[in-house]
Amino acid sequence: MSRDDLSSPAATVEVALPVPVSHAWIAFACKQAALARPRWDVARRVWTTAGPEAITISTPGGRRTLRVEGARDQEDAMRRLVSTLVVGMMQRARIRAP
């Protein structure tokens, strides 16, 4: 297996979210997961992060479905991002519940 095979965009994490996602949620999750600041790509309609852990974040099934794509060696960073986002949303929902 060559080095190119390891860095190819092969890893994907997809999750259903408890709350609709927004740029504020994506920015929060990236900051908490120690990733680069997300940028909105208007043409492709996705968020991207730069740096050594460059990943792409999209909402293919509406605002309650999140797909994170990146190289296979970035799967840990992608899982950190998704975990941080879901836990933050669940905590926020619990605080708002009467």
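See the structure printed just above.
Residues numbered from 1 in each chain as written. Predicted model: local features only at pLDDT ≥ 70, side-chain atom pairs only at ≥ 80, totals over all residues. Heavy atoms only, no water.

A. Highlighting the overall build of the chain. The number of helices and strands found in the chain is 3 helices and 5 strands. In sequence order, the secondary structure elements of the chain are arranged as α-β-α-β-β-β-β-α. A burial count over the chain gives 35% of its 98 residues as buried. When the accessible surface of the chain is summed, it comes to about 6200 Å², and 52% of that surface belongs to carbon and sulfur atoms. (Helix = DSSP H or I, 4+ residues; strand = E, 2+ residues; numbered from the N terminus. Buried < 20%, exposed > 50% of the residue type's maximum accessible area, 1.4 Å probe, protein only. Areas by Shrake-Rupley, 256 points an atom, 1.4 Å probe, with all protein chains shown as cover.)

B. Spatial organisation of the packing of aromatic side chains. In the structure shown here, the tally under the stated rule is 2 aromatic pairs. Each ring, one from Trp 25 and one from Phe 28, has its centre 5.9 Å from the other, and the planes form 80 degrees; the classification is edge-to-face. Taken together, the residues span about one helical turn, with Trp 25 and Phe 28 both in helix α2 (residues 23-32) at a distance of 3 residues. (Phe/Tyr/Trp six-rings, centres within 6.5 Å; stacked < 30°, edge-to-face > 60°.)

C. Looking closely at the pairing of strand β4 (residues 55-58). Alternating residues of β4 divide into Ile 55 and Ile 57 and Thr 56 and Ser 58, and every residue in both groups is buried. Hairpin connection of strand β3 (residues 46-48) to β4: 6 residues between the antiparallel strands, including Gly 51 at a positive phi of 100 degrees. Hairpin geometry of β4 and strand β5 (residues 65-70) is characterised by an intervening segment of 6 residues between the two adjacent antiparallel strands and by a positive phi of about 105 degrees at Gly 62. (Pairing = 2+ DSSP bridges.)

D. Fine view of the sheet that holds strand β2 (residues 39-41). Spatial ordering of the open sheet is given by β1-β5-β4-β3-β2, a layout of 5 strands whose pairing is antiparallel. Every other strand in the sheet has two partners, leaving β1 (11-16) and β2 as the edge strands with one partner each. Strand-to-strand, the axes of this sheet are offset by a mean angle of 25 degrees, without reference to chain direction. Pairing of β3 with β4, which is carried by 2 bridges, proceeds in the antiparallel orientation. Paired with Trp 47 across the bridge in β4 is Ile 57. (Axes fitted to C-alpha atoms, helices over the stretch in contact; angles between N-to-C directions.)

E. Expanded view of the side chain of Thr 49. You can see Thr 49 is positioned in the loop between β3 and β4. For Thr 49, a relative accessible area of 5% puts it in the buried group. If we skip the residues at most four places from it in the chain, Thr 49 touches Cys 30, Ala 36, Arg 37, Pro 38, Ala 54 and Ile 55. (Contact = heavy atoms within 4.5 Å.)

F. The arrangement of the nonpolar core in detail. The biggest cluster of nonpolar side chains holds 23 residues, and the ones touching the most others in it are Ile 57, Leu 66 and Leu 85. Within the residue set of this core, elements represented by two or more residues are β1, α2, β4, β5 and α3 (75-96). Here Ile 57 is in contact with Ile 26, Cys 30, Val 46, Trp 47, Leu 66, Arg 67, Val 68 and Leu 81, once residues within four sequence places are set aside. (Core = buried A, V, L, I, M, F, W, Y, C linked by side-chain atoms within 4.5 Å.)

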